[in-house]
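Survey of secondary and tertiary structure
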Amino acid sequence: MDPMEYLDSLDTFGMKMGLGRIKPLLEQMGNPHRRIPSVIVAGTNGKGSTCAMCGSVLSSLGLKVLLYTSPHLTAVNERIEIDGKPISSDKLKEGITKVKEASDRIESPDKPTYFEVLTAAAFQIGSDNDVDVIVAEVGLGGRLDATNVLDPQVSGITSISMDHNHILGEDPVSIAKEKAGIIKPSVPVIIGPVCVGSLMVKRCLRTILTTAAENGSEAVLISGSRGIELEKRALEESGVPDWRIIEVADISYDWGTSADLRIHRSGSKSVMETDLSLLDRVMDGRFTTPLIGRHQAWNMASAVALSLVTYPVARAKKRMLQGIRGDMNKLIRGAAGDIGDPIDGDPVRNRIREGLKRTKLKARFEVREIEGKTLILDGGHNVEAGWATARTLNELFPGKKVSLLISMMEDKNPLAYLSPLNEMVRSVHITRIDNKRSMDPDLLLAGVVGALGDARSIHIGGDIEGSFKDWFDEIGGDTIGLASGSFFLYGELSRIIDNRYVSQNHQ
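Here goes a summary of the coordinates provided. This structure is a prediction, so every number in the text was calculated from the model and none was measured. Counting starts from 1 at the beginning of each chain's written sequence and moves along it residue by residue. Per-residue local features are limited, in this predicted model, to residues with pLDDT of at least 70; the limit for side-chain atom pairs, both in listing and counting, is 80 or more; totals at the level of whole chains, interfaces and linings are taken over all residues. Values reported for side chains reflect all heavy atoms of the structure, with hydrogen atoms and water molecules removed beforehand.

Concerning the overall build of the protein
This is how it is decided: Helix and strand labels come from DSSP, where a helix needs a run of H or I of at least four residues and a strand needs a run of E of at least two; each type is numbered from the N terminus. Categorising residues by exposure relies on relative accessible area from a 1.4 Å probe, with only protein chains included: less than 20% of the type maximum marks a residue as buried, more than 50% marks it as exposed, and the intermediate range marks it as partly exposed. We call two residues in contact when some of their heavy atoms are within 4.5 Å.
The helix and strand inventory of the protein stands at 17 helices and 18 strands. Here the protein holds 507 residues, and 56% of them are scored as buried. Here the analysis covers contacts within the protein between residues at least 6 apart in sequence; of these, 77% occur between residues at least 24 apart.

Below, the structure written as structure tokens:
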């Protein structure tokens with residue numbers, strides 16, 4: 001069977017959580033993931049952006065990086081990138097073939113899922129291509145996600161919000177516990193601003209810090225200026241062995257997001273090098289990401305912290321391997337090359353800035369200018385994403401109204417997502433994308449009316465081409481276009497736009 005046909009055949013079996021299939025599968029493959037330093041990032045929102053920035057930064061620091069993310073937008077190759085470029089179809093097929101061969105050797109009726117096969121293929125491709133580090137985005141949750149077989153150098157949790165409740169739990173604390181399942185013994189964890197604006201924030205943070213303390217893991221919190229003292233107290237009371245707070249301040253926009261990052265240390269003044277030592281030497285300064293939105297400043301801080309914890313270990317392993325190769329070359333040619341510069345604050349900081357600048361990520365408040373019209377394409381689909389989008393619209397386009405094109409998956413909550421956008425939406429165009437999990441337009445209509453009321457203009461379109469045309473015609477003057485609700489919608493719209501127009505992309 002063709003490898004891609006085999007992969008597509010697995011999609012019909014849906015999602016099955018747990019590590020009981022992927023662990024024996026990877027053992028059959030020789031555990032390729034254990035040969036490579038890694039980063040693992042969970043979170044309801046922000047994990048894709050954080051992973052993209054982290055991968056770009058580590059690449060700028062001279063490491064060969066495999067970035068594994070999901071979902072894909074237009075082609076499955078997008079899920080696996082090496083140094084910022086999607087792998088070729090041939091490499092993907094080779095990886096999937098090796099996974100299938102290993103799976104066939106396992107005598108079990110419980111075969112791996114679509115996501116598990118891609119995860120195992122990504123790790124195999126990383127090993128086959130001698131990457132220095134894997135940056136992996138958790139697919140769903142954390143504790144039972146296939147990526148959680150990794151033994152990472154650092155873990156990251158970007159945010160906690162209500163999504164996939166039927167799988168992860170009916171309250172933020174239960175979801176936080178699932179995501180904290182990626183924390184490993186003695187492995188540092190970077191924690192974003194969990195549950196911003198929620199009364200559950202203290203309980204969620206306490207849940208994560210308790211898990212970190214139980215594992216003897218150092219903790220780094222990403223914080224705004226107002227929360228510093230409260231978070232210091234939470235860290236001091238948590239029992240984690242060492243901690244830092246990275247303060248995000250003075251956020252500004254210029255078709256990107258800039259912020260000052262300032263580090264606050266724990267009271268312990270160890271003279272020994274620790275996992276967090278490079279943060280102390282490098283973190284303070286102003287940094288900029290091309291990704292747009294206040295929330296991206298927080299994600300940027302997480303990405304820089306993840307990179308700085310990972311870099312020394314990945315670099316040391318790379319130097320060791322280069323040294324071995326150098327010794328072999330020395331025997332053959334009588335000389336060995338230079339194997340790297342010493343780690344120093346300013347050069348590392350400058351390379352981080354360069355890596356952030358090169359970050360590319362689609363469908364995260366992606367602004368396109370087409371025929372004088374402003375279109376924003378975004379994959380947001382839960383309440384936290386709704387608030388982030390509303391805040392960014394108000395900050396970048398004050399006074400503008402929105403024409404909304406929306407489609408969602410059947411397990412999402414349109415009322416929760418759309419409520420933050422209530423004041424700015426002038427008209428709504430509901431469509432349905434070609435996906436078996438797409439929400440019925442009549443059900444989506446009920447959520448739209450519940451969130452926005454029925455006084456504004458609401459249209460239920462047929463095919464997506466017609467909905468796009470009606471939506472596009474309304475954009476102009478004081479009205480900008482927002483297409484959101486699903487990453488799958490982005491893929492469909494991107495093809496339409498690329499086929500019809502030459503657009504200016506601000507990312």
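There's plenty left to go through after this.
So, helix 5 (residues 114–128)
As a reminder, the rule being used: Multiply 1.5 Å by the residue count of a helix minus one, and that product is the helix's expected span.
In this model, helix 5 (15 residues) spans 21 Å end to end at C-alpha, consistent with the 21 Å of a helix rising 1.5 Å per residue. Counting buried positions along helix 5 gives 14 out of 15 residues, so the element sits mostly inside the fold. Following helix 5 by one or two positions, Asp130 has its phi on the positive side, about 50°.

Examining the nonpolar core
Stated precisely, the cut-off is as follows: The criterion is simple. A nonpolar core is a set of buried Ala, Val, Leu, Ile, Met, Phe, Trp, Tyr and Cys residues joined through side-chain atoms within 4.5 Å.
In this structure, Leu66 and Ile191 are the most contacted members of the largest nonpolar core, which totals 61 residues. It is helix 5 that contributes the most residues to this core, nine residues altogether. Residue contacts for Leu66: discarding those within four places in its chain leaves Ile80, Glu81, Ile82, Ala122, Ile125, Gly126, Val131, Val133, Ile134 and Val135. Val39, Leu58, Ala305 and Val348 belong to the second largest nonpolar core, which has 47 residues in total.

With respect to the pairing of strand 2 (residues 65–68)
Quick reminder of the rule: One requirement defines pairing of two strands: DSSP has to find at least two bridges between them.
Because side chains alternate across strand 2, one face comprises the buried residues Val65 and Leu67, and the other comprises Leu66 and Tyr68, equally buried. Of the strand pairs in this sheet, strand 2 and strand 5 (residues 133–137) are connected by four bridges, and their pairing is parallel. Across the sheet, the residue bridging to Val65 is Val133, located in strand 5. Sheet topology places strand 2 next to strand 3 (residues 80–82); three bridges connect them, and they run antiparallel. Bridging from a neighbouring strand, Leu67 pairs with Glu81 of strand 3.

Here's the deal with the packing of helix 8 (residues 201–214) against helix 9 (residues 228–238)
When two helices pack together, their arrangement is captured by the angle between the axes and the distance separating the axes. For clarity, the cut-off: Axes, fitted as lines to C-alpha atoms, cover a helix only where it is in contact. Angles between the N-to-C directions of the axes lie from 0 to 180 degrees. Should the near helix be turned anticlockwise from the far one by less than a right angle, the crossing is termed left-handed; should it be turned clockwise, right-handed. Throughout, the ten residues Ala, Val, Leu, Ile, Met, Phe, Trp, Tyr, Cys and Pro are labelled nonpolar, Asp, Glu, Lys and Arg are labelled charged, and all others, Gly among them, are labelled polar.
Packing of helix 8 against helix 9 leaves a shortest axis separation of 10 Å and a crossing angle of 35°. The way helix 8 lies across helix 9 gives a crossing that is right-handed. Of the residues in helix 9, those in contact with Leu205, Leu209 and Ala213 of helix 8 are Glu231, Ala234, Leu235 and Ser238. Across the contact of helix 8 with helix 9, the residue classes tally to five nonpolar, one polar and one charged.

Let's talk about the pattern of salt bridges
Pairing is possible between side chains that carry opposite charge, provided their charged atoms lie close to one another. So the rule is basically this: One speaks of a salt bridge when a side-chain nitrogen belonging to Lys or Arg is within 4 Å of a carboxyl oxygen belonging to Asp or Glu.
Summed over the entire model, instances satisfying the criterion amount to 27 salt bridges. Connected through shared salt-bridge partners, Glu247, Asp250, Asp260, Arg262 and Arg286 make up one network.

What about the sheet that holds strand 10 (residues 257–265)?
An order of 4-3-2-5-1-6-7-8-9-10-11 is seen for the eleven strands of this open sheet, with the pairing classed as mixed. On the outer flanks of this sheet lie strand 4 (85–86) and strand 11 (285–289), each paired with one strand and no other. The sheet contact formed by strand 1 (residues 38–42) and strand 6 (residues 154–157) spans four bridges and is parallel. The residue of strand 6 that forms the bridge with Val41 is Gly156.

Topic: unusual backbone geometry
A cis geometry characterises the amide bond from Ser70 onward to Pro71, with omega recorded as -5°. Here Pro71 lies in the loop between strand 2 and strand 3. Although it is not a glycine, Asp130 sits at a positive phi angle of roughly 50°. Among the secondary structure elements, Asp130 is positioned in the loop between helix 5 and strand 5. You will see that Asp250, though not glycine, has its phi angle at about 55°, which is positive. By the element assignment, Asp250 lies in strand 9 (residues 243–253).

Examining the environment of Glu474
Note the threshold: N or O atoms closer than or at 3.5 Å make up a polar contact, with two conditions inside protein: a donor-capable atom paired with an acceptor-capable one, and, for residues adjacent in sequence, both atoms drawn from side chains.
Tracing the chain through its elements places Glu474 in helix 16 (residues 464–474). In this structure Glu474 comes out as partly exposed when scored by relative accessible area, which is 32%. Residues Glu474 and Ser427 lie 47 residues apart in sequence; the distance between their C-alpha atoms is 8.7 Å. Beyond its immediate chain neighbours, meaning those up to four positions away, Glu474 contacts Ser403, Ser427, His429, His459 and Thr479. A polar contact is formed between the side chain of Glu474 and the side chain of Ser427, at a distance of 2.4 Å.

Looking at the side chain of Ser59
Examined against the element boundaries, Ser59 turns out to sit in helix 3 (residues 47–60). Here Asp83 takes part through its side chain, which lies 3.3 Å from a polar atom of the side chain of Ser59. In contact with Ser59, other than residues within four places in its own chain, are Val65, Asp83 and Arg358.

Topic: the packing of aromatic side chains
Rules: Think of it this way: a Phe, Tyr or Trp ring, Trp meaning its six-membered ring, pairs with another when their centres are within 6.5 Å, and the plane angle makes it stacked under 30 degrees, edge-to-face over 60, tilted otherwise.
In total, this model carries three aromatic pairs according to the counting rule given. Note on Phe468 and Phe472: the rings are 5.7 Å apart at their centroids and 20° apart in plane angle, and the pair reads as stacked. One end of the pair is Phe468 and the other is Phe472, both in helix 16 and four residues apart, which spans about a single turn. Taken as a pair, Phe468 and Phe472 share a single burial class, namely buried. Taken together, the ring pairs connect Phe468, Trp471 and Phe472 into an aromatic cluster.

Examining the side chain of Thr392
Relative to the helices and strands, Thr392 resides in helix 13 (residues 383–396). Residue contacts for Thr392: discarding those within four places in its chain leaves Ile292, Gly293, Arg294, His295, Phe365 and Phe397.

These results come straight from atomic positions and should not be treated as a statement about function.
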